[in-house]
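# Working through the structure, step by step
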Amino acid sequence: MLFTIITCTYNAAKYIDRTLESVRGQSYPHIEHFIIDGVSNDDTVKKAQTYAYDSRYPVIVKSESDNGLYDAMNKGIQLAKGNYIIFLNAGDIFHEEDTLTSIAGKLRGKSLPAVIYGDTDIVDEKGIFLRKRRLSPPGTLSWESFKEGMLVCHQAFYARTDIAKQVPYNLDYKYSADVDWCIRIMKEAEKQGLELMNSHETLCSYLKGGMTAQSHQASLIERFKIMSHHYGTLTTIFQHLWFVVRAIIKR
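First, a word on scope: everything that follows refers to the structure included in this document.

Each value, and the rule that gives it
Residues numbered from 1 in each chain as written. Predicted model: local features only at pLDDT ≥ 70, side-chain atom pairs only at ≥ 80, totals over all residues. Heavy atoms only, no water. Helix = DSSP H or I, 4+ residues; strand = E, 2+ residues; numbered from the N terminus. Rg over C-alpha atoms; globule rule 2.2 N^0.38 Å. Buried < 20%, exposed > 50% of the residue type's maximum accessible area, 1.4 Å probe, protein only. Areas by Shrake-Rupley, 256 points an atom, 1.4 Å probe, with all protein chains shown as cover. Lys, Arg positive; Asp, Glu negative; His and termini not counted. Charge placed at Lys NZ, Arg CZ, Asp CG, Glu CD. Pairing = 2+ DSSP bridges. Axes fitted to C-alpha atoms, helices over the stretch in contact; angles between N-to-C directions. Parallel < 35°, antiparallel > 145°, perpendicular 65-115°, else oblique. Left-handed = near helix turned anticlockwise from the far one by under 90°. Contact = heavy atoms within 4.5 Å. Nonpolar A, V, L, I, M, F, W, Y, C, P; charged D, E, K, R; others polar. Phe/Tyr/Trp six-rings, centres within 6.5 Å; stacked < 30°, edge-to-face > 60°. Lys NZ or Arg CZ within 6 Å of the ring centre and 35° of its normal. Core = buried A, V, L, I, M, F, W, Y, C linked by side-chain atoms within 4.5 Å.

Below, the discussion takes up the overall build of the chain. Tallying secondary structure elements over the chain gives nine helices and nine strands in all. Its C-alpha radius of gyration of 18 Å places the chain within 12% of the 18 Å reference for a compact globule of 251 residues. Across its three principal axes, the chain shows a C-alpha extent of roughly 55 × 45 × 35 Å. Looking at the chain as a whole, 50% of its 251 residues qualify as buried. Only carbon and sulfur atoms are counted for the fraction: they give 53% of the accessible area of the chain, which is about 12000 Å². Measuring between centres, the 30 positive side-chain charges of the chain sit 4 Å from its 29 negative side-chain charges.

Structure representation (structure tokens):
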């Protein structure tokens, strides 16, 4: 079982060390790691190259112009040779040193599910735990689950590589293409009759903030378009009204 880890970066020198150390510290040996950089002008590439030089598993560092984060992710997908793709961007880390060992053990002797998913913690800039993610994964996941919002964090959504190569990110979306991508991966899984496997584990800790948080309003508009496309406009309107009511109730 080979896992492909994809880390997309741009001027991420401040945070990349913790991600590289987290991958390096995994007890599971069968890993390949692609660092896809958008021509950073800080020490990101230098740090990545130093890491690659003394790595015990294959690491490829590519720094070239791209059309944004999701274009970089598509590049990583096309390079991947592993059974599953895992996205960990700068500042994101595996929850435990044996996370991949545990997942590989759960897959042993069974047909490979289309997706492995789990829970997520949120950490601050120092890597200190802040809270569990507000939206938590359901016991049983389907593509319709995301009507309730993005219940599984992108970093805790391991997609089978052969399916991911058929379903690239839609570059028409600049902030929320990950939501659309996860839904389309799950739709393809349903089409092929493949399982979405709940790991029943916290798989990652991700850095509070990120591109979506920094462009919150634009992201919300995109998410509405994505949900309307997949679930219908009326369903999406009613669901968003429920989001507002739910937020008021929880105050």
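For the rest of this paragraph, the subject is the pairing of strand E4 (residues 84–87). If a strand is regular, its side chains alternate between the two faces of the sheet. The two faces of E4 match: Tyr84 and Ile86 on one face and Ile85 and Phe87 on the other face are all buried. Looking at chain direction, strand E1 (residues 3–9) and E4 are connected through four bridges and run parallel. Residue pairing across strands places Thr4 opposite Ile85, the latter belonging to E4.

One way to put it is that helix H6 (residues 177–192) packs onto helix H8 (residues 216–231) with a least axis distance of 9 Å and a crossing angle of 20 degrees. What the angle tells us is that H6 and H8 run roughly parallel. Considering only the axes of H6 and H8, their crossing is right-handed. Residue-level contacts link Ala177, Val179, Asp180, Ile183, Arg184 and Lys187 of H6 to Glu222, Arg223, Ile226, His230 and Tyr231 of H8. Looking at the contact of H6 with H8 residue by residue, the class counts come to five nonpolar, one polar and five charged.

A word on the packing of aromatic side chains. Under the defined criterion, the tally for this structure stands at nine aromatic pairs. Arranged with centres 5.6 Å apart and planes meeting at 25 degrees, the rings of Tyr70 and Tyr169 form a pair that is stacked. With Tyr70 in helix H3 (residues 69–79) and Tyr169 in the loop between helix H5 (161–166) and H6, this residue pair connects regions lying 99 residues apart in the sequence. For the pair Tyr70 and Tyr169, a shared accessibility class is recorded, and that class is buried. Positioned above the aromatic ring of Trp143 is the side chain of Lys187, whose terminal nitrogen or guanidinium carbon lies 4.7 Å from the ring centre.

Judged by nonpolar contacts, the single largest core of 70 residues is most densely connected at Leu100, Phe146, Phe157, Tyr158, Trp181 and Ile185. Of the residues forming this core, the biggest block, eight residues, is contributed by H6. Residues in contact with Trp181, not counting those within four places in the same chain, are Ile77, Phe87, His154, Phe157, Ala159, Ala164, Val167, Pro168 and Tyr169.

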